[in-house]
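Here are the chains, one letter per residue:
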Amino acid sequence: EFYSSADAMQDLVQVEREILNATRSYLEEQQKQLDFYRKFLEQIKEEHDWVVEQTDLNEYLGHPLHAFRLIKRLVQDWDELVFDPIVSNAPREELREFVDSVVNELGYPNPSELHGAVKGIARLQKVYNLTTTDVADGLIDGVLYDSELSWRECYEIGVVLFDLGEYQRSLEWLQVAFVILRANPGQEENENFYLSDIKEYAALANLELGNSERSERLLNQILEKEPTNTSHLTRKYIEARKPGKSSEVNNPSWYANYTRLCQGKKLPEESTGRPLSCYLDGRTNPYFVLAPLQVEPVHLDPDINVYHRMLSQQQINSIFEEADKLTMYRSAVAGNAGKSTVADLRVSQQTWLNYTSPIMKSISRIIQFVSGFDIAGAEFMQVANYGVGGQYEPHPDYFEFNLPQQFQGDRISTSMFYLSNVEQGGYTVFTKLNVFLPPIQGAMVMWHNLHRSLDVDARTLHAGCPVLVGSKRIGNIWMHSGFQEFRRPCNLTSDSYKSAAYRN
Ligand SMILES: O=C(O)CCC(=O)C(=O)O
Ligand SMILES: [Fe+2]
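Residues numbered from 1 in each chain as written. Chains lettered and ligands numbered in written order. Predicted model: local features only at pLDDT ≥ 70, side-chain atom pairs only at ≥ 80, totals over all residues.

In the annotation of an unreviewed UniProt entry, the entry for the chain reads procollagen-proline 4-dioxygenase, and the organism field reads Drosophila ananassae. Reading the Function (unreviewed entry) entry of the UniProt record for the chain gives the comment "Catalyzes the post-translational formation of 4-hydroxyproline in -Xaa-Pro-Gly- sequences in collagens and other proteins." (UniProt positions renumbered as here; feature names shortened; annotations may be inferred.)

Draft legend 1. Fine view of the nonpolar core. Core analysis: the largest hydrophobic core is formed by 92 residues, its most contacted members being Cys154, Leu174, Ala177 and Val429. When residues no more than four places from it in sequence are discounted, the contact partners of leucine 174 are Tyr155, Gly158, Ile198, Tyr201, Ala202 and Ala205. (Core = buried A, V, L, I, M, F, W, Y, C linked by C-beta atoms within 7 Å. Buried ≥ 20, exposed ≤ 12 C-beta atoms within 10 Å, placed from the backbone. Contact = placed C-beta atoms within 7 Å.)

Draft legend 2. Quick peek at the sheet that holds strand E4 (residues 293-299). Strand order in this open sheet of 9 strands is E3-E4-E5-E17-E13-E20-E11-E10-E6, and the pairing throughout is antiparallel. Of all strands in the sheet, those with a lone pairing partner are strand E3 (279-281) and strand E6 (329-330), marking the two edges. Sheet topology places strand E5 (residues 304-308) next to strand E17 (residues 444-448); 4 bridges connect them, and they run antiparallel. Bridge pairing links tyrosine 307 to methionine 444 in E17. Here helix H14 (residues 358-371) sits on the sheet in contact with E4, E5, strand E10 (349-353), strand E11 (381-386), strand E13 (411-418), E17 and strand E20 (472-480), set at roughly 125° to E13. (Pairing = 2+ DSSP bridges. Helix = DSSP H or I, 4+ residues; strand = E, 2+ residues; numbered from the N terminus. Axes fitted to C-alpha atoms, helices over the stretch in contact; angles between N-to-C directions.)

Draft legend 3. Inspection of the UniProt feature "coiled-coil region" (unreviewed entry) in the chain at higher detail. The sites that UniProt annotates as "coiled-coil region" (unreviewed entry) are residues 12-47. Helix makes up 100% of residues 12-47 and strand 0%. Its end C-alpha atoms lie 52 Å apart.

Draft legend 4. Inspection of the domain arrangement of the chain at higher detail. Taken domain by domain, the chain consists of domain 1 (6-106), domain 2 (111-240) and domain 3 (260-500). Taking only C-alpha atoms into account, the centre of domain 2 sits 41 Å from that of domain 3. When residues of the side of domain 2 that touches domain 3 are assigned to their parent elements, the largest contribution, 7 residues, is made by helix H5 (residues 111-128). Within the side of domain 2 that touches domain 3, the residues separate by chemical class into 6 nonpolar, 1 polar and 3 charged. (Domains from an automatic or database assignment. Nonpolar A, V, L, I, M, F, W, Y, C, P; charged D, E, K, R; others polar.)

Draft legend 5. Representation of the UniProt feature "domain: Fe2OG dioxygenase" (unreviewed entry) in the chain in the model. UniProt's feature table lists "domain: Fe2OG dioxygenase" (unreviewed entry) at residues 377-481, given in the numbering used throughout. With 0% helix and 45% strand, residues 377-481 has its two end C-alpha atoms placed 9 Å apart.

Printed below as a string of structure tokens:
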């Protein structure tokens with residue numbers, strides 16, 4: 001799978017380059033062949049015409065050499081020089097074999113990936129309030145990119161969204177396609193045919209949305225002006241079918257907070273009289289005496305801290321070198337009965353790094369010093385890469401139920417390293433705490449997922465917002481509550497009441 005990770009997408013660039021080069025050579029080879037055939041035909045024609053011009057063909061062919069020449073041409077030359085090569089077409093076979101080998105080695109996206117990519121665009125529009133015209137113009141959240149879409153691309157997006165049942169969004173894309181196509185007359189040979197085609201899809205989308213009148217009107221326009229083969233059938237279909245209901249979009253309860261925070265907007269907060277401010281911490285562990293931790297507290301109770309400049313570019317490169325040795329997989333989520341499943345709510349690719357390499361040894365040391373926890377029983381570091389539209393919808397990091405058998409206790413804390421900056425989007429947000437964090441390369445954010453009583457803390461619900469532009473890389477280390485009894489002792493009374501009101 002390619003669309004879920006920016007890294008994986010890079011392979012596709014190589015695939016396209018290889019196919020491009022091979023096809024170009026193929027065309028050159030074919031051109032040579034064609035030139036050869038043409039020359040052959042000219043030669044034959046010359047001889048043939050000469051034969052036909054003979055006043056007495058019988059006499060001419062009675063000559064043994066003339067007869068031999070004609071027979072030889074037909075038996076040998078036509079076959080060897082023209083028919084065989086045309087039929088077997090060696091360059092085409094070579095091209096096919098080459099493309100197969102490239103595809104086998106590097107992979108090739110299947111049609112479902114187009115759906116994934118289009119869903120990604122629709123998701124970005126929804127989360128960041130991007131209008132369809134802006135996106136089509138290459139204007140992404142206020143930044144203009146040199147990447148405007150053609151009418152055909154807009155049309156394809158509209159069709160895929162129609163297939164996905166996103167009729168309102170589909171209609172918007174179809175409208176933009178229509179406008180672009182009509183604004184550039186003469187660019188497309190079958191312009192009128194395409195305009196009708198777009199209208200036909202728009203008629204169907206309108207029908208699904210419950211706008212039967214509009215649907216009717218669009219179809220009549222086609223039938224009056226540019227009737228196509230299918231429009232009559234569509235008319236029958238529309239007459240036979242009951243219009244759909246304009247579906248009220250029912251967003252989940254967390255959705256408003258989620259999108260607001262993803263856009264970098266906070267709800268106003270009551271002042272606690274004690275604004276949070278950054279500080280240097282050289283006392284948590286002697287390790288930090290000479291290079292104190294640069295702490296940015298972003299929330300108190302539950303505490304969420306960002307530690308800046310934890311990793312240098314060099315260290316980050318070393319992490320990627322380790323990750324490159326392994327295969328990245330599409331991230332899954334715990335589904336029913338704890339089974340892991342792939343879902344749109346988490347679109348990224350990931351792999352796991354153990355703590356044996358020098359860089360990972362040093363990370364495990366740092367993480368233990370900062371958190372105070374013993375890394376024994378912790379999971380390997382999960383390195384993830386999100387492509388455009390990649391995201392992780394609100395979730396807690398703890399399991400609570402369905403704790404994997406090999407776990408020593410639940411995930412007591414999360415330490416998440418930002419291994420890249422993100423050009424636009426990709427914030428980490430805490431939907432119940434009114435906190436958003438733009439990724440900053442080299443920084444690490446840490447929080448506890450469990451109360452001291454080891455009950456789960458529902459306030460820690462968080463999400464990775466969709467990446468708008470860029471490629472997001474993170475590294476997660478989850479500590480487990482086993483082995484930590486002396487590191488973070490329980491209180492005498494349970495503190496789980498604090499999060500009781502935040503469940504669901
Ligand atoms: O991508 C992010 O910012 C959050 C990722 C996350 O929550 C996770 O991987 O569990
Ligand atoms: Fe998480």
